[in-house]
Amino acid sequence: RRLDLQLAARYQDRDQAGSPTVAKCGVTWAPVDSLLFRASYSEGFRAPALTEYQVAGSVSTSTLTDPRRTPATTTGIQTFRGSNPNIKPETSSTEFFGLVFEPKQHAKGLLFQLNYYRTIQHDIIQSISGQTIVNNETAFPGRVTRAPQTPTDLSLNQPGQITAVDITLINFGDVINHSLDFVAEYRLPSETFGRWVFGFNGSRTLKSIREVRPGLPAIDDEGDTFSPPKWKLTSSVFWTKGPWNGSLFVSYLSSFKTNMSGNTFTTTYPIDAQMRVDLRGGYEFKNGVWRGYGKGFRVMAGIGNVLDEEPAFADTVFGFNGALHSPMGRTYETSVIIPF
């Protein structure tokens, strides 16, 4: 039975990005021996990357539709691209709530965990199109330059013609992610046939949306390769008996309904779910290899992707999404550990 409190802060000096201070606070409460509650709130900070400060500037002319004028079409608009020396850092906030249940008296060796995360990224660094800025002019003060009103403009009660639009990098929008993790573990009380530990880990993406385009509804990325997989599951078995040990992993990655992250020009090829099985074992010479020499010497061997599963097809130049799947088929591995 205990109650723990944590308070922390971090200060940074990042030259052009400023001197931010981010904070974290947390609480852990165990009202009884078998139950533990955890919660925390933390802030994050990402300074603009060096490449975001050094995007080469350029000027071009474009034709845009001005919703505030008649006629709406305006030609010869100067469009400025590149870095913005006044770009601000991206910030974030994360809320965490967790529960740990370990019924020691009724089911010794059993453990459950449930964790909920809610993360929001603010002021996303991005480039917004000139037409989007013109359509939402009041949301981007100083980004649209207009000529003085002519007598015709005054008679029509409309602003002057657009002469330039600034689409250099800008801070705008939020990215929101909610997820739920759960863990189950069971250690067999009896060790007659060695020590056995069974585990199950799962992660469920509850929400993944981007609010990065002014005047447009939020983009729902759930089930898309822009977001984490909807389901990510791993089952495991660990065994040890004397000098011997072994492990078995079965991993599952759910399917994606679209492949926007792999190819922004198509959403017609979903990515199938995939399962992977890995097996490993080893032996430790606790008494030495020969006449007491080499104590702790360990030999390990394993098979990765036992079922020789190919990566799920993705509409990319490689035929698979390397951020999600490995192109390797069945693999074999060995290792030797020699203590000194």
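Scroll up to find the structure.
All values reported here derive from a predicted model rather than from experimental measurement. (Residues numbered from 1 in each chain as written. Predicted model: local features only at pLDDT ≥ 70, side-chain atom pairs only at ≥ 80, totals over all residues. Heavy atoms only, no water.)

### Things to note about the overall build of the protein chain
Where we set the bar: Numbered from the N terminus, helices here are DSSP runs of H or I no shorter than four residues, and strands are runs of E no shorter than two. Between the two quantities, the radius of gyration covers C-alpha atoms and the globule rule is 2.2 Å times the number of residues to the power 0.38. Buried means the residue's accessible area, taken with a 1.4 Å probe over protein chains only, is under 20% of the maximum for its type, while exposed means over 50%, and partly exposed covers the values in between. What makes two residues a contact is simply this: any of their non-hydrogen atoms within 4.5 Å. Areas reported here follow the Shrake-Rupley algorithm with a probe of radius 1.4 Å; residue values treat only the protein chains shown as occluding.
In terms of regular secondary structure, the protein chain is built from 3 helices and 19 strands. Over its C-alpha trace the protein chain gives a radius of gyration of 28 Å, far above what one expects of a compact globule, namely 20 Å for 340 residues. In terms of overall dimensions, the protein chain has C-alpha extents of about 100 × 50 × 40 Å along its principal axes. Counting across all 340 residues of the protein chain, residues that qualify as buried make up 33%. In the protein chain, 63% of the contacts between residues at least 6 apart in sequence involve partners at least 24 apart. As displayed, the protein chain has an accessible area near 20,600 Å², and 57% of this comes from carbon and sulfur atoms.

### Examining the layout of surface pockets
Rolling a probe over the atoms, with the probe sized like a water molecule, indicates the empty space that remains. Just so we agree on the cut-off: Only protein atoms enter the 1 Å grid used here. Points where a 1.4 Å probe fits but cannot escape make up a cavity, open sets with protein on both sides within 12 Å along at least five of seven lines make up a pocket, and a residue lines them when an atom lies within 4 Å of a point. Grid points are joined across faces, edges and corners, and a volume is the space filled by probe spheres set on the points. Note on residue categories: nonpolar means Ala, Val, Leu, Ile, Met, Phe, Trp, Tyr, Cys or Pro, charged means Asp, Glu, Lys or Arg, and polar means any other residue, Gly included.
Reported here for the largest pocket is a volume of approximately 240 Å³. Elements that contribute at least two residues to the lining of the largest pocket include exactly β15 (231–241), β16 (244–253) and β17 (274–285). A breakdown of the residues in the lining of the largest pocket according to their chemical character gives 6 nonpolar, 6 polar and 3 charged.

### Things to note about the sheet that holds strand β5 (residues 73–81)
In plain terms, the rule: Pairing between strands requires that DSSP locate at least two bridges from one strand to the other. Whenever a helix is involved, its axis is fitted only over the stretch in contact; in every case the axis is a line through C-alpha atoms, and angles between N-to-C directions fall within 0 to 180 degrees.
Judged by pairing direction, the sheet is mixed, and its 4 strands sit side by side in the order β4-β5-β10-β9 without closing on themselves. Of all the strands in the sheet, just β4 (58–65) and β9 (144–146) have a single pairing partner and so form its edges. Each strand axis lies, on average, 25° off the axis of its neighbour in the sheet, ignoring direction. Taken together, the 3 bridges between β9 and strand β10 (residues 162–166) define a ladder with antiparallel strand orientation. Of the residues in β10, the one forming a bridge with Val144 is Val165.

### A word on the nonpolar core
What counts is decided by this rule: Nine residue types can take part in a nonpolar core, namely buried Ala, Val, Leu, Ile, Met, Phe, Trp, Tyr and Cys, and a core is a set of them joined through side-chain atoms within 4.5 Å.
Core analysis: the biggest nonpolar cluster contains 11 residues, these being Leu64, Ile77, Ile128, Ile133, Val134, Phe140, Val144, Ile162, Val165, Ile167 and Ile170. Elements with a minimum of two residues in this core: α2 (130–135) and β10. Sequence-distant contacts of Ile167, that is, excluding residues within four places in its chain, are made with Thr79, Phe80, Arg81, Ser127, Ile128, Ser129, Gly130, Ile133 and Arg143.

### Here we look at the packing of aromatic side chains
This is how the line gets drawn: Only rings of Phe, Tyr and Trp enter the pairing, Trp through its six-membered ring, and a pair is recorded when the two centres are within 6.5 Å. The plane angle decides the type: under 30 degrees is stacked, over 60 is edge-to-face, the rest tilted.
Overall, the coordinates contain 14 aromatic pairs when judged by the stated rule. Where Phe182 meets Trp231, the ring centres are 6.3 Å apart and the plane angle is 70°; that geometry is what we call edge-to-face. On the criterion of sequence distance, the pair formed by Phe182 in strand β12 (residues 174–187) and Trp231 in strand β15 is long-range, its members being 49 residues apart. Residue Trp231 is classed as partly exposed on the basis of its relative accessible area of 34%. Taken together through their ring pairs, the aromatic side chains of Trp244, Tyr283, Phe285 and Phe297 make up a single cluster.

### Points about the pattern of salt bridges
For clarity, the threshold we go by: Note on definitions: salt bridges are taken to be side-chain nitrogens of Lys or Arg within 4 Å of carboxyl oxygens of Asp or Glu.
Counting across every chain of the model gives 16 salt bridges. For Arg69, the salt bridge goes to Asp153, with nearest N and O atoms at 2.9 Å. Placement of the pair is Arg69 in the loop between β4 and β5 and Asp153 in helix α3 (residues 151–156), with a sequence separation of 84 residues. Residue classification places Arg69 among the buried residues on the basis of a relative accessible area of 12%. Lys230 is the salt-bridge partner of Glu222, the closest N and O atoms lying 3.8 Å from each other.

### Thoughts on the side chain of Thr205
Spelled out, the test is: Under this definition, polar contacts are N or O atom pairs within 3.5 Å; protein pairs additionally need one hydrogen-donor-capable and one acceptor-capable atom, and for neighbouring residues in sequence, both atoms have to be side-chain atoms.
Note on placement: Thr205 falls in strand β13 (residues 195–211). In terms of polar contacts, Thr205 uses its side chain to reach the backbone carbonyl oxygen of Pro229, at 2.9 Å. When neighbours within four sequence positions are excluded, Thr205 is seen to be in contact with His178, Ser179, Glu222, Pro228, Pro229 and Lys230.

### Brief notes about the environment of Asp166
Within the element layout of this structure, Asp166 appears in strand β10. Accessibility expressed as a relative area gives 25% for Asp166, which makes it partly exposed. Residues Asp166 and Thr79, 87 residues apart in the sequence, show an inter-C-alpha distance of 6.0 Å. Not counting residues within four places of it along the chain, the set of residues in contact with Asp166 comprises Phe80, Ile133 and Arg143.

### Here's the deal with the environment of Pro270
Within the fold, Pro270 resides in the loop between β16 and β17. Exposure remark for Pro270: the relative accessible area of 43% places this residue in the partly exposed category. Each C-alpha atom, one on Pro270 and one on Glu211, is 23 Å from the other, the two residues being 59 residues apart in sequence. Not counting residues up to four positions away in its chain, the partners in contact with Pro270 are Phe256, Lys257 and Phe313.

### A closer look at the side chain of Ser254
Tracing the sequence through the fold places Ser254 in the loop between β16 and β17. Owing to a relative accessible area of 7%, Ser254 belongs among the buried residues under this scheme. Side-chain polar atoms of Ser254 contact the backbone nitrogen of Trp231, separated by 2.9 Å. Ignoring anything within four residues of it in the chain, the contact list for Ser254 reads Pro229, Lys230, Trp231 and Ala273.

### Examining the environment of Ala8
Within the secondary structure, Ala8 sits in strand β1 (residues 2–11). Classification of Ala8 as partly exposed rests on a relative accessible area of 37%. As for Ala8 and Gly76, which are separated by 68 residues in sequence, their C-alpha atoms are 53 Å apart. Excluding anything up to four places from it in sequence, Ala8 contacts Val22, Ala23 and Lys24.

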